[in-house]
Amino acid sequence: MPDPAPDATREIHRLVGRRWRIGGALTAVMMIAYFGFILLVAFAKPTAGELVAGGGVSIGILVGAAVIVLAPLLTAIYVRWANRHYDPAVKALRANGAPRP
Amino acid sequence: MTSLGEPNVVAIVWFLGFVLITLGITWWAARRTRTTSDFFAAGGNVSAVQNGFALAGDYMSAASFLGIAGLVSKSGFDGLIYSVGWLVGWPVITFLIAEPLRNLGKYTFADAVAYRLRQRPVRIAAAGSTLAVVTIYLIAQMVGAGGLIHLLFGLPYRAAVAIVGGVMLLYVLFGGMIATTWVQIIKAGLLLVGATLLALLVLSKFGFNPLALFAEARRQYGDGVLAPGDLVAQPLEVVSLGIALMFGTAGLPHILMRFYTVPDAQTARRSVAYATSLIGFFYLVTFVLGFGASVLVGRDAIKSVDKGYNMAAPLLAEVLGGTGFLGFISAVAFATILAVVAGLTLSGAAAIAHDLWGHVIRDGKITETEQLVVARRATVALALLAILLGIVFEGQNVAFMVGLAFAIAASANFPALLLSMTWRRFTTRGAVASMVTGTLSSLLLITLSPTVWKDLLGNPEAVIPLKNPGIITVPLAFLVAIVVSLIWPEPEAARGFTDAHDRMHLGAD
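For clarity, every value in this text was computed on a predicted model and none was experimentally measured. (Residues numbered from 1 in each chain as written. Chains lettered and ligands numbered in written order. Predicted model: local features only at pLDDT ≥ 70, side-chain atom pairs only at ≥ 80, totals over all residues. Heavy atoms only, no water.)

Attention shifts here to the overall build of chain A. When its secondary structure is counted, chain A shows three helices and two strands. N-terminal to C-terminal, the α/β element order of chain A is α-α-β-β-α. Counting over 101 residues, chain A shows a buried share of 43%. Within chain A, residue pairs in contact and separated by at least 24 positions form 63% of the contacts whose partners lie at least 6 positions apart. Carbon and sulfur atoms provide 66% of the accessible area of chain A, an area that totals close to 5200 Å². (Helix = DSSP H or I, 4+ residues; strand = E, 2+ residues; numbered from the N terminus. Buried < 20%, exposed > 50% of the residue type's maximum accessible area, 1.4 Å probe, protein only. Contact = heavy atoms within 4.5 Å. Areas by Shrake-Rupley, 256 points an atom, 1.4 Å probe, with all protein chains shown as cover.)

Here's what the structure looks like:
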């Protein structure tokens, strides 16, 4: 088997590093949002229970619902990035003789 | 007055319809189930949308439908803490786990952990934690099933447990993953349609304005209904539960197994995105159902039927849609339990036939025929075990067991899986020590917790004040994995990392 193109290995590492950084950053955002919600509920009960919007809803409910909406939103951002950038890059790398396991 | 608990014609018709259709699918699937890949992974032919629904179906248990709606109807805001916790693990699966897992493995998550490590020890430890999670989750589901079906249909507890075990056995034994996937898809569809219809009926009473619903709840039960309540008496408790829920989702063997049913990593990624949206939507809907039940049915009426408030959603269906709608929702709840139990059993059978028998006993040299025979025997054994455990634990309060299953999944499976994919110096010993520590420390700390040590065993004081041990056991499992790997390096495993690395990111072919 011929050696992979000289830069292929480095290129893979750069690409994969990018994926972990993006995945890691999005994980961090999710964790901050979630544990932020939990800490608000656990340590700032009066704030979480404060009523807004004419007494129809509390800050805690709004934040909780926002975290629920955020989860699929972050997922969508990642999937869009991976479909548009990661997959084509992997395809190109493999076409250029990246090592095939 | 409610007709709940009396034989309900609509419920029986819907339920029989569900069972007949799913058994028909099982018959169809059985003729397509020839290889182990068909049996464990549906031949890898499931599409992203199908797997998205199937993942949601595997995950949305009766505990999340009836349980959360009940908890919200009882205490308002507090139910939201569970809903959020049960959802936030899904993005983590997308960002960190799904794609590498799909590329590295074949049938179980142990495939990915053991990829560049020594097979036998890792497989034994992973099968151990898988079977622990599956067994404990099964107890919670079976006991819940018996009780719920008794309440919903007036069927005797043991008969209900036997029916659930028996029908589930038919699905898995003959139809394998193909049938189980379709059961999940149909169940997820029915559950989403039923819950959404019910929520729309609730909101129609309030001009389709959730704020008017919340305001009415406040008028009836006071401001506290929109604020954190008893659940958060101990702040540390909530954080610990949160850790277990978030990382436990990413370590549930029956969820992880689903990523092998799709053709490639890209489909795996898209399927989690669908699942996350469906599950998030579902939890928003259950929140409306809980408030709707407390306002339109009333807490006293809900409590008089079941002290655990689990019947909030069915009672709401009866108030808003009559006996017919109650029947439909009851049948959906029954179908929900059946589907979850089937998924759990299949993942347990995979751990036994693929990890233990195939890799530990036969050292990876096993014929298709033999593996299928072992898988089917394991399925029968697990189904019998599920029925037996359901009967043994009759009348016990098993609510804590779902939390325990998540704690084990978060501490035993998630750290080892993540480190095996990301850390070059991770070793066989580190993986085994981490999985064993995660499993045993979770079991031990739950035993010493207020729920078991005090409430169940009758001791005056709990040894550990935490109900869920996640805040201790998850970091502990990571720590043990890292320390053991650093003390006893494994050059061969480190060398294999490059190959594993390329494979998990560039794909398997």
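The structure having been displayed, the exposition proceeds.
Here we come to the interface of chain B and chain A. Counting residues at the interface gives 53 residues for chain B and 51 residues for chain A. Contact between chain B and chain A buries roughly 4500 Å² in total, counting both sides, with carbon and sulfur atoms accounting for 75%. Its largest share of buried area at the contact with chain A, chain B owes to B:Phe95, B:His505 and B:Leu506, together 18% of the area lost on that side. Where chain B meets chain A, there are two salt bridges. For B:Glu99, the salt bridge is made with A:Arg19, and the minimal N-O distance between the two is 3.6 Å. One can count ten residue pairs in polar contact (both at pLDDT 80 or more) joining chain B with chain A. Among the elements of the structure, helix 5 (78–87), helix 6 (89–104), helix 10 (210–221), helix 11 (235–249), helix 13 (265–296), helix 17 (399–422) and helix 21 (491–506) of chain B are those that each provide at least two residues to the side of chain B that touches chain A. Looking at which element gives the most residues to the side of chain B that touches chain A, the answer is helix 13 of chain B, with eleven residues. Classifying every residue of the side of chain B that touches chain A gives 31 nonpolar, 13 polar and nine charged. (Buried area = accessible area lost by both parts, 1.4 Å probe. Salt bridge = Lys/Arg side-chain N within 4 Å of Asp/Glu carboxyl O. Polar contact = N/O pair within 3.5 Å; in protein donor to acceptor, adjacent residues only side chain to side chain. Nonpolar A, V, L, I, M, F, W, Y, C, P; charged D, E, K, R; others polar.)

Residue and element names in this part refer to chain B. If you check helix 20 (residues 470–487), its first and last C-alpha atoms are 25 Å apart, about what 18 residues at 1.5 Å a residue would give, namely 26 Å. Considered for burial, the residues of helix 20 that qualify are Gly470, Thr473, Val474, Ala477, Val480, Ala481, Val484 and Ser485. Projection of helix 20 onto a plane perpendicular to its axis shows the buried side chains occupying an angular sector of 130°, all on one side. Facing away from the buried surface of helix 20 by more than 90 degrees, the exposed residues are Leu479 and Ile487. The inward-facing, buried residues of helix 20 contact helix 11, helix 17 and helix 18 (428–447). (Expected span 1.5 Å × (residues − 1). Arc of directions from axis to C-beta.)

What follows covers the nonpolar core. Ranked by internal contacts, the top residues of the largest apolar core, which has 212 residues, are B:Ile97, B:Leu101 and B:Phe291. In contact with B:Phe291, other than residues within four places in its own chain, are A:Ile61, B:Val72, B:Gly76, B:Phe77, B:Leu213, B:Phe214, B:Ala217, B:Val225 and B:Leu226. (Core = buried A, V, L, I, M, F, W, Y, C linked by side-chain atoms within 4.5 Å.)

Residue and element names in this part refer to chain B. Positive phi outside glycine occurs at Ala42, with the angle close to 50°. Residue position: Ala42 is located in the loop between helix 2 (36–41) and helix 3 (48–59). Not every positive phi belongs to a glycine, and Asp363 is a case in point at roughly 55°. By secondary structure assignment, the location of Asp363 is in the loop between helix 15 (312–361) and helix 16 (368–392).

Let us now look at the packing of aromatic side chains. Summed over all chains, the structure comprises 23 aromatic pairs over all chains. An aromatic cluster of at least three residues, connected via ring pairs, comprises B:Tyr59, B:Tyr82, B:Trp86, B:Trp90, B:Tyr137 and B:Phe406. Here the guanidinium or amino end of A:Arg19 rests over the ring plane of A:Trp20, the centre of that ring lying 4.9 Å away. When the ring centre of B:Trp27 is taken as origin, the NZ or CZ atom of B:Arg31, which lies over that ring, is 4.8 Å away. (Phe/Tyr/Trp six-rings, centres within 6.5 Å; stacked < 30°, edge-to-face > 60°. Lys NZ or Arg CZ within 6 Å of the ring centre and 35° of its normal.)

Once that is clear, we can look at helix 13 of chain B. All names here are of chain B. The terminal C-alpha atoms of helix 13, which comprises 32 residues, lie 46 Å apart, in line with the 46 Å expected from a rise of 1.5 Å per residue. The buried fraction of helix 13 is high, at 25 of 32 residues. Gly298 occupies a position one or two residues after helix 13 and carries a positive phi of about 100°.

In this section: the pattern of salt bridges. Applying the stated criterion across every chain, the model contains 13 salt bridges over all chains. For B:Arg269, the salt bridge identified is with A:Asp87, shortest N-O distance 2.9 Å. You can see B:Arg269 sitting in helix 13 and its partner A:Asp87 sitting in helix 3 (residues 59–95), one on each of two chains. Looking at B:Arg269, the relative accessible area reads 1%, which means it is buried. One salt-bridge network, held together by shared partners, links A:Arg19, A:Asp87, B:Glu99 and B:Arg269.

Residues and elements named next belong to chain B. Close contact between helix 17 and helix 20 brings their axes to 9 Å; oriented N to C, the two are set at 40°. Our classification of the angle between helix 17 and helix 20 gives oblique. Handedness of the crossing formed by helix 17 with helix 20: right-handed. Here Ala410, Ser411, Phe414, Pro415, Leu418 and Leu419 of helix 17 lie close against helix 20, whose contacting residues are Thr473, Val474, Ala477, Phe478, Ala481 and Ile482. Classifying every residue of the contact of helix 17 with helix 20 by side-chain character gives ten nonpolar, two polar and no charged. (Axes fitted to C-alpha atoms, helices over the stretch in contact; angles between N-to-C directions. Parallel < 35°, antiparallel > 145°, perpendicular 65-115°, else oblique. Left-handed = near helix turned anticlockwise from the far one by under 90°.)

What follows is about the side chain of B:Asn413. Residue and element names in this part refer to chain B. Among the structural elements, Asn413 can be located in helix 17. On the accessibility criterion, Asn413 (0% relative accessible area) is buried. For Asn413, the side chain forms a polar contact with the main-chain oxygen of Gly251, separated by 2.8 Å. What Asn413 contacts, discounting residues up to four positions off in sequence, is Phe109, Ser129, Val133, Gly251, Pro253 and Ile408.

Residue and element names in this part refer to chain B. Relative to the elements of secondary structure, Gly165 occurs in helix 9 (residues 157–204). For Gly165, a relative accessible area of 0% translates into the label buried. Taking the C-alpha atoms as reference points, Gly165 and Ile186, 21 residues apart in sequence, are found 19 Å from one another. With residues up to four places along the chain from it excluded, the contact list for Gly165 reads Met142, Ala383 and Ile387.

What follows is about the packing of helix 8 (residues 119–153) of chain B against helix 17 of chain B. Residue and element names in this part refer to chain B. Taken N-terminus to C-terminus, the directions of helix 8 and helix 17 make an angle of 165°; their axes are 8 Å apart at the nearest point. When the axes of helix 8 and helix 17 are compared, the pair comes out roughly antiparallel. In the crossing of helix 8 with helix 17, the sense of the turn from one axis to the other is left-handed. Residues Ser129, Ala132, Val133, Ile136, Tyr137, Ile139 and Ala140 of helix 8 form the contact with helix 17, whose own contacting residues are Met401, Val402, Leu404, Ala405, Phe406, Ile408, Ala409, Ala412 and Asn413.

Okay, the environment of B:Leu87 next. Turning to its location among the elements, B:Leu87 is positioned in helix 5. Among the residues examined, B:Leu87 registers a relative accessible area of 0% and is labelled buried. Separated by 192 residues in the primary sequence, B:Leu87 and B:Ile279 have C-alpha atoms spaced 6.9 Å apart. Sequence-distant contacts of B:Leu87, that is, excluding residues within four places in its chain, are made with A:Ile68, A:Ala71, B:Thr276, B:Ile279, B:Gly280 and B:Tyr283.

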